[in-house]
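What follows is each chain in one-letter form.
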Amino acid sequence: MRYIADLHIHSCYSRATAVSSHLHGLAAWAAIKGIDVIGTGDFTHPQWFQELNKYLEEAEAGFYRLKNPDEVDVSALVPPDVQPDLSGVRFVLSAEISSIYKRGGKVRKVHNILYAPDFEAVRRVSSVLAGIGNLESDGRPILGLDSRDLLEIMLDNGPDGFLVPAHIWTPWFSLFGSKSGFDTIEECFGDLSDHIFALETGLSSDPDMNRRISALDRFTLISNSDCHSPGKLGREANIFDTGFDYYSMQEAIRVPLSKDGHRRFTGTVEFFPEEGKYHCDGHRKCGICFDPLETSDYQGICPECGRPLTIGVLNRVKELADRKKPKYSDSAAEVYSLVPLAEILGEILGVGPATKKVMKVYGRLIECFGSEFNVLLNASVTDITDSCSWALGEAIERVRSGRVIRQPGYDGEFGVIKVFSSDERQGMYEQISLFGVLAVKPRARKKQMNMKSPPVIRKRNKD
Ligand SMILES: [Zn+2]
Ligand SMILES: [Zn+2]
């Protein structure tokens, strides 16, 4: 069976998350996005674990569903007129651990994601971890625990569980992070490295970047949203074509190509990596965004304030890469680089992606096409054009073929992906209506811009 899974998310018990990140809120948005399976996140948190016990029941082996999908009224959390069907959504028990520890004389900060098929394994793992640090203060607990030892605890207490290093390139908290990571998997996981078979690429990198490193050839690259609010589910995700249960999904990640040549881990949905907030190097406070060459011209120092620049993902990948171009194996999954639908609509309408205007059109599109992924991945451009507008059809076509304008993120600042040039947009505003919602005319837009001018990104001219 073909299905889409987003396997790294956070509940309302993690810091800086939305109160609507409860099980029903998450299931509602998973249905709207067209995601079949989501991680529960935060299974180490005692209260969240209680909620998982209370609201979920096993549907397929290791896949859980809501006992009473209609128990919580989600209408205020979703776009107008959308009535998502929560009953089809499945949860997989997952948690992220932030490990901060010393190794080889250096402080290491690494995030890892744990998966388990059953509540008993989770109970055992959490009780060991509770003896190491506080699990209650944050759904993503910070523990003084070596990544290798975390993996050992997982394997000892939940042999059918597995561990995936999270967003492996982000500078501050990851396996390969420029600030406090490692250079190899083996350095991090030592004698247990063989138990690692997948890596999460994170928003700021994509398979093309990762496949320049031959040391990563044996790993499956997975992609997840790491969302802190339900509406951001699925900004990255995985596409499977295998049995609809935990064990089949795990096996598809471990061995993407079956013996008879069937590809069971079929694809990943990705951000354009420039949109990620650590793609390039830079210093956010000073508005400095550099590519790796510029950074080396300035010896890694911010020319405005003299502080060290935050070295981003592109630079770090280049540092560890031993290939000029990516190399894919036969088992490699397809890659679909997408832009969230609300961002595309916001660009066309000349308003923010979270505005009422955008949500009204978004809701109509979900009604027409069933889910966001159906619009972004499956619907024909002709159907989109006929049912909505030329501009949206054209935008989806450009996103699918990678013809987008990229302003990279840096030092915690998200990048911006645009579909239309500013000249094209000026020409469009007069005529665009999406389901009767009119685009903002250029004059009104200018006024808005004057009130709060966008940050100036200083870039040295390339010669
Ligand atoms: Zn993380
Ligand atoms: Zn600076």
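Residues numbered from 1 in each chain as written. Chains lettered and ligands numbered in written order. Predicted model: local features only at pLDDT ≥ 70, side-chain atom pairs only at ≥ 80, totals over all residues. Heavy atoms only, no water.

Engineer: I would appreciate a short explanation of the coordination of the zinc ion (ligand 1) in the present structure.
Structural biologist: The textbook angles at a metal center are 109.5 degrees for a tetrahedron of four donors and 90 or 180 degrees for an octahedron of six. Within the protein, Glu96 (OE), His111 (ND1) and His167 (NE2) serve as the donor atoms for the zinc ion (ligand 1), at 2.0 to 2.3 Å. In the primary structure, the donors to the zinc ion (ligand 1) are separated according to the pattern E-x14-H-x55-H. Of this pair, Glu96 sits in strand 5 (residues 90-103) while His167 sits in the loop between strand 8 (162-165) and helix 5 (185-189), and the two are 71 residues apart along the sequence. Side by side, Glu96 and His167 carry an identical accessibility label, which is buried. (Donors = N, O, S within 2.8 Å, 3.2 Å for Na, K, Ca; no water. Helix = DSSP H or I, 4+ residues; strand = E, 2+ residues; numbered from the N terminus. Buried < 20%, exposed > 50% of the residue type's maximum accessible area, 1.4 Å probe, protein only.)

Engineer: Looking at this structure, I do not really get the nonpolar core. What am I missing?
Structural biologist: Note on soluble globular proteins: their nonpolar side chains tend to be buried together. One finds Leu175, Ile348, Leu365 and Leu392 to be the most contacted residues of the largest nonpolar core, which totals 112 residues. A per-element tally of this core places helix 1 (residues 23-33) first, with eight residues. Residue assignment places this core across two domains, with domain 1 (2-275) and domain 2 (341-403 + 421-463) each supplying three or more. Aside from chain neighbours lying at most four places away, what touches Leu175 is Val110, Pro165, Ile168, Gly181, Phe182, Thr184, Ile185, Cys188, Phe189 and Leu199. Counting residues in hydrophobic clusters, the runner-up holds 22 residues, among them Phe63, Val164, Ala252 and Ile253. (Core = buried A, V, L, I, M, F, W, Y, C linked by side-chain atoms within 4.5 Å. Domains from an automatic or database assignment. Contact = heavy atoms within 4.5 Å.)

Engineer: Just to check I follow, could you spell out the packing of helix 1 against helix 2 (residues 46-55) for this structure?
Structural biologist: A pair of packed helices is captured by two measures, namely the crossing angle of their axes and the spacing between those axes. Closest axis-to-axis distance for the helix 1/helix 2 pair is 11 Å, and the angle between their directions is 65°. Between helix 1 and helix 2, the interaxial angle falls into the category roughly perpendicular. For the pair helix 1 and helix 2, the contacting residues are Leu23, His24 and Leu26 in the first and Trp48, Glu51, Leu52 and Tyr55 in the second. Each residue belonging to the contact of helix 1 with helix 2 can be placed in one class, and the counts come to five nonpolar, one polar and one charged. (Axes fitted to C-alpha atoms, helices over the stretch in contact; angles between N-to-C directions. Parallel < 35°, antiparallel > 145°, perpendicular 65-115°, else oblique. Nonpolar A, V, L, I, M, F, W, Y, C, P; charged D, E, K, R; others polar.)

Engineer: How should the packing of aromatic side chains be read in this particular structure?
Structural biologist: Working definition: an aromatic ring pair is given by the centre-to-centre distance plus the angle between the planes. Going through the model one piece at a time under the given rule, you end up with 16 aromatic pairs. Taking the centre distance of 5.4 Å and the plane angle of 25° together, the rings of Tyr3 and Phe240 count as stacked. With Tyr3 in strand 1 (residues 2-6) and Phe240 in strand 11 (residues 237-241), the pair connects residues that are 237 residues apart, well separated along the chain. Taken as a pair, Tyr3 and Phe240 share a single burial class, namely buried. Through a chain of ring-to-ring contacts, three or more aromatic side chains come together here, namely Tyr3, Phe63, Phe240, Phe244 and Phe265. (Phe/Tyr/Trp six-rings, centres within 6.5 Å; stacked < 30°, edge-to-face > 60°.)

Engineer: What is the right way to look at the coordination of the zinc ion (ligand 2) in this model?
Structural biologist: Binding of the zinc ion (ligand 2) to the protein goes through His283 (ND1), Cys286 (SG), Cys302 (SG) and Cys305 (SG), at separations of 1.9 to 2.4 Å. Between the four donor atoms coordinating the zinc ion (ligand 2), the angles at the centre fall across 102 to 123°, so the site counts as tetrahedral. The motif formed by the donor residues of the zinc ion (ligand 2), counted along the single chain, is H-x2-C-x15-C-x2-C. Placement of Cys286 in the loop between strand 13 (281-283) and strand 14 (288-290) and of Cys302 in the loop between helix 8 (292-297) and helix 9 (313-320) is noted, with a sequence separation of 16 residues between them. (Tetrahedral: all angles 85-135°; square planar, octahedral: opposite > 155°, others 65-115°.)

Engineer: Help me out: how do you make sense of the pattern of salt bridges in this one?
Structural biologist: A complete count under the given rule lists 19 salt bridges for this structure. The shortest N-O distance in the salt bridge between Glu57 and Arg65 comes to 3.0 Å. Residue classification places Glu57 among the partly exposed positions, given a relative accessible area of 29%. Residue classification places Arg65 among the partly exposed positions, given a relative accessible area of 30%. Salt-bridge contacts for Arg123 lead to Glu120; the nearest nitrogen and oxygen are separated by 3.3 Å. (Salt bridge = Lys/Arg side-chain N within 4 Å of Asp/Glu carboxyl O.)

Engineer: Is there a simple way to think about the side chain of Asp138 in this case?
Structural biologist: Mapped onto the elements of the fold, Asp138 is located in the loop between helix 3 (119-130) and strand 7 (142-143). Among the polar contacts made by the side chain of Asp138, one reaches the main-chain amide nitrogen of Arg15 at a distance of 3.2 Å. Not counting chain neighbours up to four residues away, the residues in contact with Asp138 comprise Tyr13, Ser14, Arg15 and His45. (Polar contact = N/O pair within 3.5 Å; in protein donor to acceptor, adjacent residues only side chain to side chain.)

Engineer: Is there a simple way to explain the pairing of strand 4 (residues 63-66) in this structure?
Structural biologist: Two faces belong to every sheet, and in a regular strand the side chains alternate between them. By the bridge criterion, four bridges tie strand 3 (residues 56-60) to strand 4 in an arrangement that is antiparallel. Within strand 4, the position partnered with Glu60 by the bridge is Phe63. (Pairing = 2+ DSSP bridges.)

Engineer: For this particular structure, what's the right way to read unusual backbone geometry?
Structural biologist: Most peptide bonds adopt trans geometry, and most residues besides glycine take a negative phi value. Residue Ala16 is not a glycine yet carries a positive backbone phi of 55°. Tracing the backbone shows Ala16 in the loop between strand 1 and helix 1. Taking relative accessible area as the criterion, Ala16 reaches 72% and is therefore assigned exposed. At His167, a residue that is not glycine, the phi angle is positive and equals roughly 25°.

Engineer: Even after reading the chapter, I still don't get the domain arrangement of the chain, so can you show me in this structure?
Structural biologist: It is common to report an interface's size as the accessible area lost on association of the parts. The domain architecture assigned to the chain consists of domain 1 (2-275) and domain 2 (341-403 + 421-463). Contact with domain 1, which involves 17 residues of that partner, is made by 15 residues of domain 2. Summed over both partners, the interface of domain 1 with domain 2 buries about 1,100 Å², with 68% contributed by carbon and sulfur atoms. For domain 1, the biggest contributors to the area lost against domain 2 are Ile32, Lys33 and Phe272; these three give 34% of the whole. Where domain 1 packs against domain 2, one counts one salt bridge. (Buried area = accessible area lost by both parts, 1.4 Å probe.)

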